[in-house]
Amino acid sequence: PEETVTGSFASFIGAARPEQLSQTVRHRSKRMILDSIGVGLVGSTTRVFDIALRYCRELYSSGAVSSVYGKPGVKLSPTLAAFTNGVATHSMDFDDTWHPATHPSGAVLPALLAASQMLPPNTKPSGLDFLLAFNVGLEVQGRLMHFSTEAHDIPKRFHPPSVVGTLGSAAAAAKLLSLSSAQCGHALGIAASLAGAPMANAATQAKPLHVGNAARLGLEAALLAARGMEANPLILDEIPGCSGFSAFYSVYQPKPLSTPSEHHEFLLEKQDIAFKRFPAHLGMHWVVDAALSVRNLFLNYAGSFSPSLIRTIVLKIPVSKYINRPFPSSEHQARHSFQFNACAALLDGEVGLGSFSESSIQRQELRELLDKVVVEHPEDNVANFDKMYGEVALLLHSGDVLTGKCDTFYGHWRKPLSKESLLKKFRSNASHVLPEGKIEGIITLVDNLEELADGSQL
């Protein structure tokens, strides 16, 4: 089994050690953990989170030992806490994004938080154990995405965190629970049978369930494997005539994952993460920065923002059907609309939490701007988060043309958020449900995670 792709992944999970995490990996992953907690906390204020929490509290009540974001005193069973917190993390589409495209933290962190509270006092993971399990979950997701060139582009069929995130959650939980190599392989196999959600549910309240289910079902897969459930030991391998994990991709070329040596280089070392400045699909960040740029030109040109001077707004964006929404009618559609985010940025000079309220979406002046939008798809603007750009041109009634373009937004892995910006985002998000003292305590806890004797304190 060790010579198979699946076996190599299972061996990697079992053999990974804390000392193999470089300072870069530790630094980047702690930034991810802090940001993910923040977006989970602010996400606990949303309607879709309330629906998920009510569902869990009404249907399941036994084994309530794991905490829920933003709800002091509320406990759920570990798997349902993982589910609910995963929903919170993605409820506003405010969570981190990797390349190839997925939301890695939201699928893994809720599972680890819930599992660490589940374990008996004498078997609690240390903060370093917790950090290692988190990075194992990231590594498995990243390696799986590199099995297919299809994964490098904005997805069309399956929402990536529902696919690779479920297996990443299983791997992270398997590591935290100290499963054997064989059990780790079975956990991945079980998770593959629980994975997958269609892209058609993007821009709906069902989309956050994808991340919630990834966290929950990955944890369930690890718990089932720990109790003796078995699955196909070749689940990640390419077996002609019998699809395993390859069922999720049209092009699939699996590669073994070598057992980590002392100098193992995690993917997070090579590929940093993107953090969002406002709660919307990652693609929106390009058009918003482009819109803000051309808005400044317009202010210099006209002295104030006067929509009546604009004849046409031209957006140059990649072809991606589910984020090309001319007239969004709900907050989730608005978070997935190039047109809406460009016009909101032009009109308000910013995009933030309030931009996606019903009153903001239904504004007459915003609708009038949306009426002026024309979309173009240049051949060089590909649907790939590492290569795409956003361009917003204002064609004025005077005949003048003003243009703003963004190749790399602030927060992209090529232009990462500063420590100050990340902390500002976290404090703002967490302040919706926590007092200042608690907020600063979490920052200190995450910053010193390696020194924590009991990781469940997080």
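Residues numbered from 1 in each chain as written. Predicted model: local features only at pLDDT ≥ 70, side-chain atom pairs only at ≥ 80, totals over all residues. Heavy atoms only, no water.

You'll find the protein entered in an unreviewed UniProt entry as Cis-aconitate decarboxylase, with Dasyornis broadbenti given as the organism. The annotation that UniProt attaches to the protein under Subcellular location (unreviewed entry) is "Mitochondrion". On record in UniProt, under Catalytic activity (unreviewed entry), the comment for the protein is "cis-aconitate + H(+) = itaconate + CO2". (UniProt positions renumbered as here; feature names shortened; annotations may be inferred.)

Student: Tell me about unusual backbone geometry, and name the residues and values.
Tutor: The linkage connecting His 99 with the following residue, Pro 100, adopts the cis geometry, with an omega of -5 degrees. Checked against the element boundaries, Pro 100 lands in the loop between α4 (78-90) and α5 (104-118). (Helix = DSSP H or I, 4+ residues; strand = E, 2+ residues; numbered from the N terminus.)

Student: Before we move on, can you summarise the sheet that holds strand β5 (residues 390-396) with the specific residues and values?
Tutor: Read from one edge to the other, the open sheet built from 4 strands follows the order β4-β3-β5-β6, with strand pairing classed as mixed. Strands with a single pairing partner mark the edges of an open sheet, and in this sheet they are β4 (373-376) and β6 (401-406). Between one strand axis and the next, the sheet turns through 20 degrees on average, direction left out of account. Two elements, strand β3 (residues 310-316) and β5, share 6 bridges in a ladder whose sense is antiparallel. Note that in β5 the partner of Thr 312 across the bridge is Leu 395. Where helix α11 (residues 284-302) meets the sheet, it contacts β3, β5 and β6, and its direction lies at approximately 145 degrees from that of β6. (Pairing = 2+ DSSP bridges. Axes fitted to C-alpha atoms, helices over the stretch in contact; angles between N-to-C directions. Contact = heavy atoms within 4.5 Å.)

Student: Outline helix α16 (residues 419-430), supporting the account with residue identities and numerical values.
Tutor: In this model α16 runs 16 Å from its N-terminal to its C-terminal C-alpha over 12 residues, within 8% of the 16 Å that 1.5 Å per residue would give. All of the buried residues in α16 are Leu 422, Leu 423, Lys 425, Phe 426, Asn 429 and Ala 430. Buried residues of α16, viewed axially, fall in a sector of 160 degrees; they line one side. Counted as exposed and oriented over 90 degrees from the buried face of α16: Glu 420 and Lys 424. Among the structural elements, α2 (23-43) and α17 (436-447) are those in contact with the buried residues of α16. (Expected span 1.5 Å × (residues − 1). Buried < 20%, exposed > 50% of the residue type's maximum accessible area, 1.4 Å probe, protein only. Arc of directions from axis to C-beta.)

Student: Residues and numbers for the packing of aromatic side chains, please.
Tutor: Evaluation of the coordinates by the stated rule reveals 12 aromatic pairs. Taken together, a centroid distance of 5.6 Å and an interplanar angle of 85 degrees make the contact between Phe 147 and Tyr 252 edge-to-face. Of this pair, Phe 147 sits in the loop between α6 (127-145) and α7 (160-176) while Tyr 252 sits in the loop between α9 (207-226) and α10 (267-270), placing them 105 residues apart in sequence. Overall, the relative accessible area of 3% leaves Phe 147 in the buried class. Judged by centre distance (5.2 Å) and plane angle (55 degrees), the ring pair of Phe 298 and Phe 305 falls under tilted. With respect to class, Phe 298 is no different from Phe 305; both count as buried. An aromatic cluster is built from Phe 9, Phe 147, Phe 158, Phe 245, Phe 248, Tyr 249 and Tyr 252, whose rings are joined through pairwise contacts. Sitting above the plane of the Phe 83 ring, Arg 216 keeps its charged end 5.9 Å from the centroid. One residue, Lys 405, lies across the ring of Tyr 389, its end atom 4.2 Å from the ring centre. (Phe/Tyr/Trp six-rings, centres within 6.5 Å; stacked < 30°, edge-to-face > 60°. Lys NZ or Arg CZ within 6 Å of the ring centre and 35° of its normal.)

Student: Now, about the packing of helix α1 (residues 5-15) against helix α8 (residues 181-192): what can you tell me, with residues and values included?
Tutor: Pairs of packed helices are described in terms of their axes, by the angle between the two and the distance that separates them. Relative orientation of the contacting elements α1 and α8 amounts to 120 degrees, with a least axis distance of 8 Å. The angle between α1 and α8 falls in the class oblique. Our pair here, α1 against α8, has a crossing hand that is right-handed. Residues Phe 9, Ala 10, Ser 11 and Ile 13 of α1 pack against Ser 181, Cys 184, Gly 185 and Leu 188 of α8. By residue class, the composition of the contact of α1 with α8 is 5 nonpolar, 3 polar and no charged. (Parallel < 35°, antiparallel > 145°, perpendicular 65-115°, else oblique. Left-handed = near helix turned anticlockwise from the far one by under 90°. Nonpolar A, V, L, I, M, F, W, Y, C, P; charged D, E, K, R; others polar.)

Student: Any details on the nonpolar core? Residues and values, ideally.
Tutor: With 96 residues, the main nonpolar core has Phe 9, Ile 13, Ile 37, Leu 144, Leu 167, Leu 236 and Phe 245 as its most contacted residues. By residue number, the principal contributor to this core is α6, which donates 10 residues. In this structure, Leu 167 is in contact with Val 140, Leu 144, Leu 188, Ala 191, Ala 192, Ala 195, Leu 236 and Phe 245, ignoring residues within four places of it in sequence. Counting 49 residues, the second largest nonpolar core, distinct from the first, contains Ala 101, Phe 298, Tyr 322 and Leu 366. (Core = buried A, V, L, I, M, F, W, Y, C linked by side-chain atoms within 4.5 Å.)

Student: Explain the side chain of Thr 46 to me, using residue names and the numbers behind them.
Tutor: Mapped onto the fold, Thr 46 is located in the loop between α2 and α3 (47-59). A residue is classified by how much of its surface remains accessible, and Thr 46, at 8% relative accessible area, is buried. Setting aside residues up to four positions removed in sequence, Thr 46 forms contacts with Ser 91 and Met 92.

Student: So, the pattern of salt bridges: which residues are in play, and what are the values?
Tutor: Applying the stated rule across the entire model yields 16 salt bridges. Put simply, Glu 450 and Arg 26 hold a salt bridge, and the shortest N to O gap is 3.9 Å. Of this pair, Glu 450 sits in the segment after α17 while Arg 26 sits in helix α2, placing them 424 residues apart in sequence. Since its relative accessible area comes to 17%, Glu 450 is described here as buried. Through salt bridges that share partners, Arg 26, Lys 30 and Glu 450 make up one connected network. (Salt bridge = Lys/Arg side-chain N within 4 Å of Asp/Glu carboxyl O.)

Student: Hey, could you go over α2 for me, with residue numbers and the actual values?
Tutor: With 21 residues, α2 extends 30 Å from end C-alpha to end C-alpha; this agrees with the ideal 30 Å at 1.5 Å per step. In terms of burial, α2 is a largely internal element, 18 of the 21 residues being buried.

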